[in-house]
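Structure assessment
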Number of protein chains: 2
Amino acid sequence: MEGRAARSVKKPAARHIPEATVARLPVYVRTLLGLADEKTSTISSERLAELAGVNAAQVRKDLSYLGSYGTRGVGYDVEYLLFQMSRELGLTHDWPVIIAGVGNLGRALANYGGFGERGFPVAALVDADPKKVGKAIGGIEIRHVDDLPDIVAEHHAAIGIIATPAAAAQDVADRMVAAGVSSILNFAPAIVTVPDGMSLRKVDLAVELQILSFYQQRRTEPDADRTVASAGGEG
Amino acid sequence: MEGRAARSVKKPAARHIPEATVARLPVYVRTLLGLADEKTSTISSERLAELAGVNAAQVRKDLSYLGSYGTRGVGYDVEYLLFQMSRELGLTHDWPVIIAGVGNLGRALANYGGFGERGFPVAALVDADPKKVGKAIGGIEIRHVDDLPDIVAEHHAAIGIIATPAAAAQDVADRMVAAGVSSILNFAPAIVTVPDGMSLRKVDLAVELQILSFYQQRRTEPDADRTVASAGGEG
DNA sequence: CGGACTTTGTGAACGCAGGCACGAGCGGGG
DNA sequence: CCCCGCTCGTGCCTGCGTTCACAAAGTCCG
Ligand SMILES: NC(=O)c1ccc[n+]([C@@H]2O[C@H](COP(=O)([O-])OP(=O)(O)OC[C@H]3O[C@@H](n4cnc5c(N)ncnc54)[C@H](O)[C@@H]3O)[C@@H](O)[C@H]2O)c1
Ligand SMILES: NC(=O)c1ccc[n+]([C@@H]2O[C@H](COP(=O)([O-])OP(=O)(O)OC[C@H]3O[C@@H](n4cnc5c(N)ncnc54)[C@H](O)[C@@H]3O)[C@@H](O)[C@H]2O)c1
């Protein structure tokens, strides 16, 4: 119970925030931005839960990791909560990102304005194909992947996106790390490893589709060739 | 990979497979495909774990949900395991997918050959913009979103991909469900809900970047305004 | 000014997932 | 033919995440 001198702006002793909570914070932020737009000043955990698609107790617990920012009997102040969450997520300043691999996907990402708006401007594009180097996408010149060290230093970029073929992914990741990037988002369908202390997240569309396929099949072909069709307790 | 008279081809009473395991199966499949290509006939859980980036006990437990397909002292037969996993995931036949929203992202997805190769051919593209309807991307004509019921029936498509702006996502999802789609992959940054019994997965790039931003900030700004800098036990 | 009502913050219970460790089973070598 | 070494399959334990339920704490209204 330190800080909080009539709503201090200091962080309350930064406790450990569970990974699952961290993953939901951006969803809350987005929801709150929508609410702020429509001039809603206060929100209850129940309503926020509904909008964010989670359980109300979950919302309260998640928010409680950030501090006691709610008012009992009233709810949470939208603007204030937004401020606290943005700060916690590090959204108070821009994070320039570097995209490696300017093919189908890299081009779509580079052209997409949504990242810049949300504080993740595309700072640079790199590719290994000499024919692509020198061209520009969305106003950004494509540079050679060998220049990564310079580019990273130049833009103080800490976040890299890998949109190269799978075979090149680990090499590109290594180069990024060597150049000073310490957070990587990998789109290539390959297992990439980075040194301890770095962050790596992956988005694998083929995996997503295959997961859908699994459940889809279970529905359409309930127990096609199962020997015994006992009423297995399926939640 | 068919026959295999000595070993029954029947599914062993299809037990319940944990969601976390289902999410890893596609990774194993991809790894095994690579091994099959290089003529590796047998693989141990330890090596597979290494290639898939997980723990060896995890691999064994995951595979044990499918049945006892390993041979003690030897390992798993690559081809056979691949066959069993493919069947479990429903990859023995193609799953045509429908992409809604042919903008930056939709176009990249439509042009990407990887899905078709992996059994998820793009069966149709739909958009609400009359200027886009009639044009073709990657050899596939763009049709109007109003035609969804016909399109779904025509292609027996059960999987839909939403690549529209967030504001349209729920509406498109509803239309897809009404048309007979029961598995949806949503790329729009919006909370979409579907009726019970349908599958919905989301890929939200902005959320991914914000998660990276969170950990990145914690690294670069270790305890900027924390009151006490105790040696917090960070795993 | 007091009481009823609302909503937060959190303790406790529960279920899922991950990892260790070890017995069981198989192949290979002597 | 037997024994040894290897690897699977799984029971058990631990930790994380989710949900329930309720006391605490504030607001609002009469
Ligand atoms: N396009 C999609 O919709 C889509 C969907 C799912 C997954 N993916 C994955 O995303 C990745 C990119 O897909 P894509 O369709 O854009 O592929 P692409 O072949 O169109 O583009 C790949 C780009 O990476 C460049 N590249 C190759 N090696 C490189 C290296 N070492 N360093 C830097 N750049 C290098 C190539 O020159 C090319 O420009 C692939 O791994 C793919 O599997 C793409
Ligand atoms: N492009 C990217 O790299 C990227 C990255 C992350 C997230 N996203 C998300 O993916 C979605 C699509 O992004 P984009 O860049 O392709 O957007 P875009 O604006 O380029 O394309 C959207 C398309 O959807 C169509 N559309 C609009 N309403 C529709 C409706 N009701 N039914 C069918 N089609 C409709 C539009 O006509 C347009 O062709 C957005 O939600 C975006 O936030 C895109």
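Note: the structure precedes this text.
Residues numbered from 1 in each chain as written. Chains lettered and ligands numbered in written order. Predicted model: local features only at pLDDT ≥ 70, side-chain atom pairs only at ≥ 80, totals over all residues. Heavy atoms only, no water.

Notes on the protein's contact with DNA strand C
Convention followed: Nearness of a residue to a molecule or strand requires only that one of the residue's heavy atoms be within 4 Å of it. Under this definition, polar contacts are N or O atom pairs within 3.5 Å; protein pairs additionally need one hydrogen-donor-capable and one acceptor-capable atom, and for neighbouring residues in sequence, both atoms have to be side-chain atoms. Numbering of helices and strands runs from the N terminus; a helix is a DSSP stretch of H or I covering at least four residues, while a strand is a stretch of E covering at least two.
The full set close to DNA strand C counts 27 residues, and A:Ser45, A:Arg60, A:Tyr76, B:Lys61 and B:Arg72 are the nearest of them. The backbone of A:Ser45 places a nitrogen or oxygen atom 2.6 Å from a phosphate oxygen of DNA strand C. Contact between DNA strand C and B:Arg24: a phosphate oxygen at 3.0 Å from a side-chain N or O atom of the residue. Only helix H3 (56-66), strand S2 (70-71) and strand S3 (75-77) of chain A together with helix H1 (19-37) and helix H3 (56-66) of chain B provide two or more residues apiece to the surface near DNA strand C. Examining the composition of the surface near DNA strand C, we find that four residues originate from one element, H3(B), more than from any other.

A short note on the sheet that holds S2(A)
Residue and element names in this part refer to chain A. This is how it is decided: Two strands make a pair as long as DSSP finds a minimum of two bridges between them. The contact criterion used throughout is that any non-hydrogen atoms of two residues lie within 4.5 Å. Fitted lines through C-alpha atoms give the axes, limited to the stretch in contact for helices. The angle between two N-to-C directions lies from 0 to 180 degrees.
Pairing is antiparallel across the open sheet formed by three strands, whose spatial order is S1-S3-S2. In this open sheet, the two strands that pair with only one neighbour each are strand S1 (42-43) and S2. With two bridges joining them, S1 and S3 adopt antiparallel strand pairing. Note that in S3 the partner of Thr42 across the bridge is Asp77. This element, helix H4 (residues 78-89), spans S1 and S3 of the sheet and lies at about 70° to S3.

Some thoughts on the site of ligand 2
Convention followed: Only the protein chains shown count as covering a residue, and every accessible area follows the Shrake-Rupley method with a 1.4 Å probe.
Taken together, 24 residues form the shell around ligand 2, and within it A:Tyr112, B:Leu105, B:Asp127, B:Lys132 and B:Thr164 come nearest. Nearby residues place ligand 2 at the junction of chains A and B. Within the backbone of A:Ala108, an N or O atom sits 3.3 Å from an oxygen atom of ligand 2. Between ligand 2 and the protein, one listed contact pairs an oxygen atom with a backbone N or O atom of B:Leu105 at 2.8 Å. Protein coverage of the free-state accessible area of ligand 2, which is 820 Å², stands at 83%.

Side note on the site of ligand 1
The environment of ligand 1 is made up of 24 residues, and the closest members are A:Leu105, A:Asp127, A:Lys132, A:Thr164 and B:Tyr112. Looking at what sits near ligand 1, you find residues from chains A and B. Separating an oxygen atom of ligand 1 from a backbone N or O atom of A:Asn104 is a distance of 2.9 Å. The backbone of B:Ala108 places a nitrogen or oxygen atom 3.3 Å from an oxygen atom of ligand 1. Contact with the protein chains hides 82% of the accessible area of ligand 1, taken as 820 Å² for the molecule alone.

Points about the relation of the copies chain A and chain B
The cut-off we apply is this: A least-squares superposition brings the copies together, and it is based on the C-alpha atoms of residues with pLDDT no lower than 70 in both.
Mapping chain A onto chain B calls for a rotation angle of 180° and an axial translation of 0.0 Å; the resulting RMSD is 0.0 Å. Taken together, the rotation angle and the small translation identify this as a two-fold axis. Among all residues of chain A, the one whose C-alpha sits closest to the rotation axis is A:Ala108, at a distance of 3.1 Å. Residue by residue, 99% of the interface of chain A is reproduced at the interface of chain B, so both copies engage with the same surface.

Things to note about the pairing of strand S9 (residues 183-186) of chain A
Residues and elements named next belong to chain A. What counts, and what does not: Exposure classes here rest on a 1.4 Å probe applied to the protein chains alone. A residue is buried below 20% of its type maximum, exposed above 50%, and partly exposed in between. The path from the first strand over the helix to the second decides the hand: if it runs clockwise while the strands point away from the viewer, the crossover is right-handed.
By the alternation rule, side chains of S9 split into Ser183 and Leu185 and Ile184 and Asn186, which are all buried. Alignment of strand S8 (residues 159-162) against S9, held across four bridges, turns out to be parallel. Within S9, the residue paired with Gly160 across the bridge is Ile184. With helix H8 (residues 166-179) bridging S8 and the parallel S9, this β-α-β connection has right-handed handedness. Across four bridges, the pairing between S9 and strand S10 (residues 199-202) is parallel. In the sheet register, Ile184 faces S10, and the bridge partner there is Leu200.

What to know about H3(B)
Every α-helix winds through 3.6 residues per turn, so residues three or four apart in the chain are directed the same way. Residues and elements named next belong to chain B. We apply this condition: By definition, the arc is the one covered by directions from the helix axis to the C-beta atoms.
Within H3, the full set of buried residues consists of Ala56, Val59, Asp62, Leu63 and Leu66. The buried residues of H3 all sit within an arc of 125° when viewed along its axis, so they share a single face. The secondary structure elements touched by the buried residues of H3 are H1, helix H2 (45-52), strand S3 (75-77) and helix H4 (78-89). At the N-terminal end of H3, a side-chain oxygen is found 2.6 Å from the backbone nitrogen of Ala57, two or three residues along, and the residue is Asn55. Positioned one or two residues after H3, Gly67 has a phi angle of 145°, which is positive.

Describing the side chain of B:Arg24
Along the chain, the position of B:Arg24 falls in helix H1. Excluding residues within four positions of it along the chain, B:Arg24 makes contact with B:Val54, B:Gln58 and B:Asp62.

As for the packing of aromatic side chains
Here is the rule: Note on ring pairs: Phe, Tyr and Trp rings are taken, using the six-membered ring of Trp, and paired if centres are within 6.5 Å. Classes follow the plane angle, with under 30 degrees stacked, over 60 edge-to-face and the rest tilted.
In the structure shown here, the tally under the stated rule is six aromatic pairs over all chains. Where A:Tyr112 meets A:Phe115, the ring centres are 4.9 Å apart and the plane angle is 85°; that geometry is what we call edge-to-face.

Comments concerning the interface of chain A and chain B
As a reminder of what qualifies: Two parts placed together each lose some accessible area under a 1.4 Å probe, and the buried area is that loss summed for both. Between Lys or Arg on one side and Asp or Glu on the other, a salt bridge is scored when a side-chain nitrogen of the former is within 4 Å of a carboxyl oxygen of the latter.
With 72 residues of chain A at the contact, the number on the chain B side is 71 residues. Taking both sides of the interface into account, the surface hidden between chain A and chain B amounts to around 6,600 Å²; carbon and sulfur atoms contribute 60%. When residues of chain A are sorted by the area they lose upon contact with chain B, A:Leu209, A:Gln210 and A:Leu212 head the list and together hold 10% of the total. Taken together, the links from chain A to chain B amount to six salt bridges. At the junction of chain A with chain B, the criterion picks out 31 residue pairs in polar contact (both at pLDDT 80 or more).

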